[in-house]
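# Breakdown of the fold
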Amino acid sequence: MYVSGEIKMKSIAIYCGSSDQISEKYLSAARNIGKTIAERGIQVVYGAGSTGMMGAVANAALEAGGEVFGIIPKIFDTPQLAHAGLTRYEVVPDMHTRKAMMIDNSDAFIALPGGFGTFEEFFEVLTWAQIGIHSKPIGLLNTDGYFNTLLKFFDEVKERGFTYKEHNNLFQTNTDPITLLDLMDSYSPPENLSNWVDR
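Residues numbered from 1 in each chain as written. Predicted model: local features only at pLDDT ≥ 70, side-chain atom pairs only at ≥ 80, totals over all residues. Heavy atoms only, no water.

### Description of helix α4 (residues 116-130)
- In this model, α4 (15 residues) spans 21 Å end to end at C-alpha, consistent with the 21 Å of a helix rising 1.5 Å per residue.
- For α4, the complete set of buried residues consists of Thr118, Glu121, Phe122, Val125, Leu126, Ala129 and Gln130.
- Next to the buried residues of α4 lie β1 (11-15), α3 (95-104), β5 (108-111), β6 (138-141) and α5 (148-159).
- Phi turns positive, to about 90 degrees, at Gly132, one or two residues after α4. (Helix = DSSP H or I, 4+ residues; strand = E, 2+ residues; numbered from the N terminus. Expected span 1.5 Å × (residues − 1). Buried < 20%, exposed > 50% of the residue type's maximum accessible area, 1.4 Å probe, protein only. Contact = heavy atoms within 4.5 Å.)

Dropping the structure here:
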């Protein structure tokens, strides 16, 4: 059981894949981080899905006694896709509203392996951190090296002058959920983050 003084992150948004056609290692990682978050007394905020890694995260958090807040656009609010047993469940008009509500209701963000939607959500919160809209912790759970190519590309983007070194410090990455959450819990935004505008 995790023991801490003050809990800095009271809710974490999880971005991840909803496909069932994936390896068990990804589903296991999703269950692991859902359980770990719940054991720390942190609420899971996610897209309210019942399939793939989304469902695995939610089920593991609930089984560990945690709270799970699901936010789903009405186009996906169907018995086949939506999770019926969440602590809190909100149906919203569209994807934009869902993303905004997830951000507003979360103290931090973690992206697990996923597809285009996961990338889009991760890059939105990362971009918002870059331009100073928020200073919340961001994490990548790099299960089985899923994000290795992306992390290498980030280095190339920096080497070509499109970002600066402090931008690569806007997020934490690790393969282990416990270590990742510890890194995020101690996160402080880069001190010279605003300086890049003047360069």
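Picking up where we left off.
### Looking at the sheet that holds β5
- Taking strand neighbours across the sheet as the criterion, the seven strands line up as β4-β3-β2-β1-β5-β6-β7 in an open arrangement whose pairing is parallel. A single partner strand is all that each edge strand has here, and the edge strands are β4 (88-92) and β7 (172-174). Strand-to-strand, the axes of this sheet are offset by a mean angle of 20 degrees, without reference to chain direction.
- Relative to strand β3 (residues 68-73), strand β2 (residues 43-46) runs parallel, the two sharing three bridges. Of the residues in β3, the one forming a bridge with Tyr46 is Gly70.
- Along the sheet face, helix α2 (residues 52-63) touches β1, β2 and β3 and points at about 160 degrees away from the line of β2.
- Sitting on the sheet, α3 is in contact with β1, β2, β3, β4 and β5, with an inclination near 160 degrees to β3. (Pairing = 2+ DSSP bridges. Axes fitted to C-alpha atoms, helices over the stretch in contact; angles between N-to-C directions.)

### Focus on the nonpolar core
- Residues Ile12, Ile14, Ile110 and Leu112 are the most contacted members of the largest nonpolar core, which totals 32 residues.
- Elements with a minimum of two residues in this core: β1, α1 (24-39), β2, α2, β3, β5 and α6 (177-185).
- In terms of residue count, the dominant contributor to this core is α1 (seven residues).
- Not counting residues up to four positions away in its chain, the partners in contact with Ile12 are Ile37, Ile42, Gln43, Val44, Val45, Ser106, Ala108, Phe109, Ile110 and Leu181.
- If you look at the next biggest cluster of nonpolar residues, it comprises 23 residues, including Ile71, Phe122, Leu126 and Leu150. (Core = buried A, V, L, I, M, F, W, Y, C linked by side-chain atoms within 4.5 Å.)

### Examining the packing of α1 against α2
- Direction vectors running N to C along α1 and α2 enclose 35 degrees, while the axes themselves pass 7 Å from each other. When you trace α1 past α2, the crossing you get is right-handed. Of the residues in α2, those touching α1 at Tyr26, Leu27, Ala30, Arg31, Ile33, Gly34, Lys35 and Ala38 are Gly52, Met53, Ala56, Val57, Ala60 and Ala61.
- Across the contact of α1 with α2, the residue classes break down as 10 nonpolar, two polar and two charged. (Left-handed = near helix turned anticlockwise from the far one by under 90°. Nonpolar A, V, L, I, M, F, W, Y, C, P; charged D, E, K, R; others polar.)

### Overview of the pairing of β6
- Alternating positions in β6 separate into two faces, Ile138 and Leu140 on one and Gly139 and Leu141 on the other, with burial throughout.
- Sheet topology places β5 next to β6; three bridges connect them, and they run parallel. Among the inter-strand pairings, Ala111 is bridged to a residue of β6, identified as Leu140.
- Between the parallel pair β5 and β6, the chain is carried across by α4, and the sense of this crossover is right-handed.
- Pairing between β6 and β7: three bridges, direction parallel. Opposite Leu140, over in β7, you have Thr173 as the bridge partner.
- As a crossover connection, the stretch from β6 through α5 into β7 is right-handed. (Right-handed = clockwise from strand over helix to strand, strands pointing away.)

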